[in-house]
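Structure at a glance
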Amino acid sequence: MSKKGLTSSLGTGQEMGWYEMYTVKPRAVNLDRLVQQLTQHGYTFVMKLDYGETQGRRLKNKAGRMLDISVRKMENNEVYVILRLIQF
């Protein structure tokens, strides 16, 4: 079910290679630090994807694939972190 929802949110011409979803404590998430760590390992920052209650960042790897990172705080005070590797 979650993969179907994530796939439908990609839009036309995009294909998801894989995704991972994690539930973490709110204090454990620092999106800017995560982006910084990934850029130190060869990813390039592309853009912010913030909308509504969700913060997101898009990065690109050396092969030209996009990595979307989404962070969303839920009602039960947990945070979901989703990583999606997509290709246009």
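Residues numbered from 1 in each chain as written. Predicted model: local features only at pLDDT ≥ 70, side-chain atom pairs only at ≥ 80, totals over all residues. Heavy atoms only, no water.

Quick look at the overall build of the protein chain now. Counting its secondary structure elements, the protein chain contains 2 helices and 5 strands. Going residue by residue from the N terminus, the α and β elements of the protein chain occur as α-β-α-β-β-β-β. Residue burial in the protein chain is summarised as follows: out of 88 residues, 30% are buried. Intrachain contacts of the protein chain at a sequence separation of at least 6 include 40% that bridge at least 24 residues. Carbon together with sulfur atoms contributes 49% to the accessible area of the protein chain, which is approximately 6,300 Å² in total. (Helix = DSSP H or I, 4+ residues; strand = E, 2+ residues; numbered from the N terminus. Buried < 20%, exposed > 50% of the residue type's maximum accessible area, 1.4 Å probe, protein only. Contact = heavy atoms within 4.5 Å. Areas by Shrake-Rupley, 256 points an atom, 1.4 Å probe, with all protein chains shown as cover.)

Let's shift gears to the nonpolar core. Among the nonpolar cores identified, the biggest contains 11 residues, and these are L31, V35, L38, L59, L67, I69, V71, V79, V81, L83 and L85. Only α2 (31-40), β4 (66-73) and β5 (79-87) provide two or more residues apiece to this core. Among residues more than four places away in sequence, those in contact with V35 are F45, R57 and L59. (Core = buried A, V, L, I, M, F, W, Y, C linked by side-chain atoms within 4.5 Å.)

Relative to the assigned elements, I69 resides in strand β4. Sequence separation of I69 and L49 is 20 residues, and the distance between their C-alpha atoms is 8.7 Å. Not counting residues within four places of it along the chain, the set of residues in contact with I69 comprises L31, L34, L38, Q55, G56, R57, L59, I82 and L83.

A few words now on the confidence of the model for the protein chain. Fine structural detail should not be taken from predicted coordinates in areas where pLDDT scores are low. In this model, the protein chain carries a mean pLDDT of 81, and residues with pLDDT of at least 70 account for 78%. Of all secondary-structure elements in the protein chain, the lowest mean pLDDT belongs to helix α1 (residues 2-8), at 47, while strand β2 (residues 44-48) reaches the highest, 96. Scored below 50 in pLDDT, residues 1-8 makes 9 contacts in the model with residues more than four places away or belonging to other chains. (pLDDT = per-residue confidence, 0-100.)

This part covers the side chain of T54. Structurally, T54 is set in strand β3 (residues 54-60). A polar contact of 3.3 Å, which involves the side chain of T54, links it to the side chain of R72. Leave out the neighbours within four places in its chain, and T54 touches L49, S70, V71 and R72. (Polar contact = N/O pair within 3.5 Å; in protein donor to acceptor, adjacent residues only side chain to side chain.)

Attention now goes to the pairing of β2. Strand direction decides the pairing type here: β2 and β3, joined by 4 bridges, are antiparallel. What sits directly across from M47, in β3, is R58. (Pairing = 2+ DSSP bridges.)

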